[in-house]
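Okay, here's what each chain looks like letter by letter:
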Amino acid sequence: MVELLVPAGNMEMLYQAVCNGADAVYLGGKHFGARAYSLNFSNDEMISAINYCHTYGVKVYVTVNTIIFESETSEFLEYVEFLYKNNVDAVIMQDIGMIDMVHKCFPNLEIHASTQCHNHNEEGVKFLEKLGVKRVVLAREMSLDEVKKLDTNLEKEIFVYGALCVSYSGLCLFSSLNGGRSGNRGCCVACCRLPYKLVKNDTYIDTKGDYLLSTKELNTLSNLREILASGVTSLKIEGRMKSPFYVCYVTRIFRRLIDDYYSGKDLVISEEEIKNLKVLFNREFTSGYLFNDDVINIDSSNHIGILIGKVISVDNKYIKILLSDDIYQEDGIRFKNSNLGMTVNKIYNEKGLLINSAKKGDVILVDNKVELNCNDDVFKTIDNKLNKQLEKYEAKKIKITAKVVAKVNENLKISFMDNDGNEVLVEGSVISKAQNRITSKNEILEKISKLGNTPFKLVACDFVCDDDVFIPLSEINNLRRNLVALLIDERISLKRDIIINKVSACEIKKNNIVKIGALVRCEEQLQALIDNGVDYAYVDNYDLYLKYKDKINIYYRLPKVITSFADYNDENILVTEVGALNRYHLNNNIVVDYSVPVLNNRTIDLLTKFNVDRITISPEMDILEYKNLSTSKLEVIVYGRLELMTMKYCPLKQLLNNCANCSKDNNKYYLEDKMGNRFRILRDNCLTTIMHFKNICNIDNISYYKEVGITNYRLDFLDEDYDLVDKTIKYVKNVLSML
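Residues numbered from 1 in each chain as written. Predicted model: local features only at pLDDT ≥ 70, side-chain atom pairs only at ≥ 80, totals over all residues. Heavy atoms only, no water.

Draft legend 1. Local environment of the overall build of the protein chain. When helices and strands are counted, the protein chain shows 20 helices and 41 strands. Counting only C-alpha atoms and orienting by the principal axes, one finds that the protein chain spans roughly 110 × 75 × 45 Å. Considering the protein chain as a whole, with its 739 residues, one finds that 57% of them fall into the buried category. Sequence separation of 24 or more characterises 67% of the internal contacts of the protein chain that already satisfy a separation of 6 or more. As displayed, the protein chain offers around 31500 Å² of accessible surface, 46% of which is attributable to carbon and sulfur atoms. Charged side chains in the protein chain number 93 positive and 100 negative. The centres of these two groups are separated by 2 Å. (Helix = DSSP H or I, 4+ residues; strand = E, 2+ residues; numbered from the N terminus. Buried < 20%, exposed > 50% of the residue type's maximum accessible area, 1.4 Å probe, protein only. Contact = heavy atoms within 4.5 Å. Areas by Shrake-Rupley, 256 points an atom, 1.4 Å probe, with all protein chains shown as cover. Lys, Arg positive; Asp, Glu negative; His and termini not counted. Charge placed at Lys NZ, Arg CZ, Asp CG, Glu CD.)

Structure (C-alpha cells):
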C-alpha cells in the first residue's frame, strides 16, 4: 500500500496528521531544515514527536535538507547522530557531500534525497543510489509518465498536494542573491510571489495580471486513481507553513480515498469537500506537471478562498454585501480587487441588528475596518465554523487483544498484544480461592478495558480462569497501567542496531597555478577569450564547441535539465547536475558548475573521486568560509551575470503564446520588479532561465581568494561585446599581475 506522507510544522499539526491517517510525517528541527520560518521542533519536542508517532505506528522523517558550510559540518553530524539515536525513521537531505558522509557514519540510517537535489532523471538517481540513498523525492516538474518510466531500485516519492516552486528545486538563487536569504539554506523570501512586469526590449507588455512567477496550488485528488496505480512508494503533501486545520482536512480526504482505492471502491470527492479544501488554502488548483497542467496564477499570489458575495455599497462605517454563500462570525474575508482582508468580528442584518451568521441570498453589513472605498468581490479565506469542527478530532486508537490467566495458587498473568506483533506480559500476586466474593470475568474485563486516554482500545480478551478466584480490583488496575506503559515502550523501542563509524577528515589540498576562464554565449565573446589567451572557456552551444575545440581549451556546458543523454567520449564537459556527472565522468574531462552546490570539503572530496578537473564554488558561499576549504580544484566566479532560476514554465509561452516563433525571436525579454530591476529571460528548448538584474563583481576579492588557495578565476558573460570582454579580461589579468 502506498504511503501517505504529511507535513508537521509543530506539535499540533503532528497530532492532526497522526489522528487523521498519516502513515508518515516529515518535520524539521531548529536547524538545517528547508523551512526555517516554520515553528519546527526543539530537541526535546523532537523526541516527544518521534515517540508519539511510533506509538501509533507512524514513521518520522526529519528534514536536514539545507546546504552545509564547512564550519557547520561537526554540528550537522552531531544533530544527525541525535536523530539516529532517538530512532528517527529517515533523514531527508540535499547536500550530496553530507549524504555521503552520513551514510558512511551511520550505515543503517535511512536517507531520502530531497527534491532539492534536483531529482529529475535516471542518471541522477543512479548517482544518489551510489551514495546510499534509499528514496528519492522526485522533481515536481516530472510528468507521471516520466515517474513511471524511471527505472530504479530506490523508492519514489512524489508531491500530490500543496504549494509548488516555479523553479526546479535546488536551482533557485533568486532569494539568496536578490533577497539576501537563501532558499537552499531554508530562508526563502518567496521572490516568485511578488509582482513583476513583462518587458520586451524597452516596451512594457500588458499581461492582464502581475504575478508572473506565482504558482497555483497542486491538487491531484481527481487524478488519484492513476497515481495510486503508478507504483510510487509515497504521496507527499506540502504544508509545514500551513495551519493545523489544513493538515487535518487534507490528510483526512487523502486517507479516505486511498483506503477506498484499495477496497475497490469508487473515489468520490463531494462538492462540499472541494469547497472546504479551497477555503482552507488555495491559489487556484492545478494537477501540476504530473498531468501537464498550467501551473501559474498571474492574478494573485495570496490565498484566494471561495467567492461568497459582492459588495453592493460602501461608506466610511459599513460595507454592504449581497451573499452568494454563507458567512459566520469570525470568518476571514478578502476583497479581491482591492486586495484588502479582515476578520468579520460583527455581522449586521439590513436593519443594523447584530447576527451570528447569514445565508446565501442575504444582505449583510460588516464594519469597514479596512477603509474599503469601492464595490468588490468578496472571498472567504477563513471558515471559522469549519475550523472549530476540525479542532475536535478523535484521538487515534490502536486495537489490542488481551489474555488473562487466573489460576488459584498461581500468579495472576495478563498480557496485551497489538496487531504489529508486539506482546507484553505482567504478573501479579498469587491468586487466592474466593472465601466470600468471587471476582468475575466481567469484572476483570471491565477493569482491563478502562484504557481511557491511552492510545489503546481493547477489542477481545481470552480468559484462562478458575471459577472461584478472588482478585483485588485495585491490583487489576495497577497491572493494566503497567501493561499500557510496557506496550508503549515496546512500540517506540529502537528496532535497529546503532552503528556509528568514524570517518577520517578530508585531505586539504591547495594550488598555486593561476588560471583564468570564462563562460561565453556567442562567437564574438569567444574570440575575445582566444585573443587574450585565457586558460579555458565554457560555451553552451555545441556547434560552437565543436568549431573551436582544437583552438582553445573549451568545455561544452550541458543544460541543467536533461531527460535524455547523448553519447560523449573524450570531450570537455561542464556538467550542471549530478546525472550528467554520473553519466560522463568515466570517459570525459569534467568540470562541475555552480548549480551543483558546493560549500564544504565533503562535497569537494566526493566530486574529486569522480575525477573532475575543477569545481565551481556555489555563489552562496560565505566569503569567510573559503579559508576552511580544500581549494586545489575550486573555481570562483569573480565577475558576471548569474542565473537565478531554471524553470519548466515559460512566461513568454503562457503570456504571449509565441512558442512557434521562439527560435527566431531575437527580442530581449525581462521581468521588472517594483524597484525597476530587470531580470533577463533566456529560453532554450522550453527551458527558461531568469538572470540576475546585475553583474556580480568580486574582482577586488582576488587577493583574498589567492591567499586561501583558490587560483581558478571565472568570468560569466551575457551580452557583453568583444571590447567589454577584452577590457574585463585585461583588468583581471592586471589585478593578478600585481599580487
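Draft legend 2. Main features of the pairing of strand E4 (residues 90-93). The two faces of E4 match: Ala 90 and Ile 92 on one face and Val 91 and Met 93 on the other face are all buried. In this structure, strand E3 (residues 59-64) lies alongside E4, joined through four bridges in parallel fashion. Note on E4: the bridge partner recorded for Val 62 is Val 91. For the segment spanning E3, helix H3 (residues 73-85) and E4, crossover handedness is right-handed. As paired strands, E4 and strand E5 (residues 111-113) are joined by three bridges and run parallel to one another. Across the sheet, the residue bridging to Ile 92 is His 112, located in E5. For the segment spanning E4, helix H4 (residues 96-105) and E5, crossover handedness is right-handed. (Pairing = 2+ DSSP bridges. Right-handed = clockwise from strand over helix to strand, strands pointing away.)

Draft legend 3. Fine view of the sheet that holds strand E27 (residues 456-465). Spatial ordering of the open sheet is given by E25-E24-E23-E27, a layout of four strands whose pairing is mixed. Bordering the open sheet on either side are strand E25 (423-430) and E27, each of which pairs with just one other strand. On average, adjacent strands in this sheet sit at an angle of 20° to one another, irrespective of strand direction. Together, strand E23 (398-406), strand E24 (411-418) and E27 form the strand contacts of helix H12 (residues 441-448), whose direction differs from that of E27 by roughly 150°. Packed onto the sheet, helix H13 (residues 473-492) meets E23, E24, E25 and E27 and runs at close to 155° relative to E25. (Axes fitted to C-alpha atoms, helices over the stretch in contact; angles between N-to-C directions.)

Draft legend 4. A look at the packing of aromatic side chains. Following the criterion strictly, the structure yields 26 aromatic pairs and no others. Judged by centre distance (6.3 Å) and plane angle (50°), the rings of Phe 174 and Tyr 196 are tilted. Note that Phe 174 is positioned in helix H7 (residues 174-179) and Tyr 196 in the loop between H7 and strand E8 (197-200), a separation of 22 residues in sequence. The class for Phe 174 is buried, based on a relative accessible area of 1%. For Tyr 196, a relative accessible area of 3% corresponds to the buried category. A ring pair is formed by Tyr 542 and Tyr 556, whose centres lie 4.9 Å apart and whose planes are at 55°; its orientation type is tilted. Remark: Tyr 556 occurs in strand E31 (residues 554-557) and Tyr 542 occurs in helix H15 (residues 542-548); sequence separation between them is 14 residues. For Tyr 542, a relative accessible area of 28% gives the class partly exposed. Feature note: the residues Tyr 542, Tyr 545, Tyr 556, Phe 565, Tyr 568 and Tyr 584 constitute an aromatic cluster, connected by ring pairs. The ring of Phe 159 carries Arg 140 above its face, with NZ or CZ at 4.1 Å from the centroid. The residue whose ring lies beneath Arg 614 is Tyr 536, and the NZ or CZ to ring-centre distance is 3.6 Å. (Phe/Tyr/Trp six-rings, centres within 6.5 Å; stacked < 30°, edge-to-face > 60°. Lys NZ or Arg CZ within 6 Å of the ring centre and 35° of its normal.)

Draft legend 5. The arrangement of the sheet that holds strand E36 (residues 643-647) in detail. If you walk across this open sheet you meet the six strands as E9-E8-E37-E38-E39-E36, and the pairing is antiparallel. Each edge of the open sheet carries a strand with a single partner, namely strand E9 (203-205) and E36. Averaged over all neighbouring strand pairs, the angle between strand axes comes to 30°, with direction disregarded. The pairing of E8 with strand E37 (residues 669-672) spans four bridges and is antiparallel. Each bridged residue has a counterpart across the sheet, and for Lys 197 the counterpart in E37 is Glu 672.

Draft legend 6. Up close: the pattern of salt bridges. Summed over the entire model, instances satisfying the criterion amount to 51 salt bridges. Asp 420 is the salt-bridge partner of Arg 491, the closest N and O atoms lying 3.1 Å from each other. Of the two residues, Arg 491 is situated in helix H13 and Asp 420 in the loop between E24 and E25; the sequence distance between them amounts to 71 residues. Look at Asp 420 and you get exposed, because its relative accessible area is 55%. (Salt bridge = Lys/Arg side-chain N within 4 Å of Asp/Glu carboxyl O.)

Draft legend 7. A look at empty space enclosed by the protein. This structure, assessed with the given rule, holds three cavities of 30 Å³ or more. A volume near 170 Å³ is recorded for the largest cavity. Around the largest cavity, the lining comprises 16 residues; the ones closest to its centre are Cys 117, Val 578, Ser 595, Val 596 and Pro 597. (1 Å grid on protein atoms, 1.4 Å probe; cavity = no way out; pocket = protein on both sides within 12 Å on 5 of 7 lines; lining within 4 Å. Points joined across faces, edges and corners; volume = space filled by probe spheres on them.)

Draft legend 8. Region of the structure containing helix H5 (residues 122-130). Regarding H5, the residues found buried are Glu 123, Gly 124, Val 125, Phe 127 and Leu 128. The secondary structure elements touched by the buried residues of H5 are H4, E5, strand E6 (135-137), helix H16 (578-584) and helix H17 (601-608).

Draft legend 9. A look at the packing of helix H2 (residues 43-55) against H13. Two elements in contact, H2 and H13, have axes separated by 8 Å at closest approach and are oriented at 105°. As far as their axial angle goes, H13 and H2 are roughly perpendicular. In this structure, H2 contributes Asn 51, His 54 and Thr 55 to the contact, and H13 contributes Ile 488, Arg 491 and Ile 492. Partitioned by chemical class, the residues of the contact of H2 with H13 number two nonpolar, three polar and one charged. (Parallel < 35°, antiparallel > 145°, perpendicular 65-115°, else oblique. Nonpolar A, V, L, I, M, F, W, Y, C, P; charged D, E, K, R; others polar.)

Draft legend 10. Structural context of H13. Under the 1.5 Å per step criterion, the end-to-end length of H13 is 29 Å for 20 residues, consistent within 8% with the ideal 28 Å. Those residues of H13 not exposed but buried are Glu 475, Ile 476, Asn 477, Leu 479, Arg 480, Leu 483, Val 484, Leu 487, Arg 491 and Ile 492. Among the structural elements, H2, E23, E24, E25, H12 and E27 are those in contact with the buried residues of H13. (Expected span 1.5 Å × (residues − 1).)

Draft legend 11. Broad picture of the packing of H12 against H13. Packing of H12 against H13 brings their axes to within 9 Å, and their N-to-C directions diverge by 40°. Taken together, H12 and H13 sit at an angle that is classed as oblique. Two packed elements cross with a definite hand, and for H12 against H13 that hand is right-handed. Contacts between H12 and H13 pair Glu 443, Ile 444, Lys 447 and Ile 448 from the former with Leu 473, Ile 476, Asn 477 and Arg 480 from the latter. For the contact of H12 with H13, the class distribution of residues is four nonpolar, one polar and three charged. (Left-handed = near helix turned anticlockwise from the far one by under 90°.)

Draft legend 12. The environment of Lys 509, seen in detail. With respect to the helices, strands and loops of the structure, Lys 509 is situated in the loop between H13 and strand E29 (515-520). Classification of Lys 509 by relative accessible area gives partly exposed; the value is 40%. Through-space distance from the C-alpha of Lys 509 to that of Ser 632 is 5.4 Å; in sequence the pair is 123 residues apart. In this structure Lys 509 touches Ser 630, Thr 631 and Ser 632, once residues within four positions along its chain are discounted.

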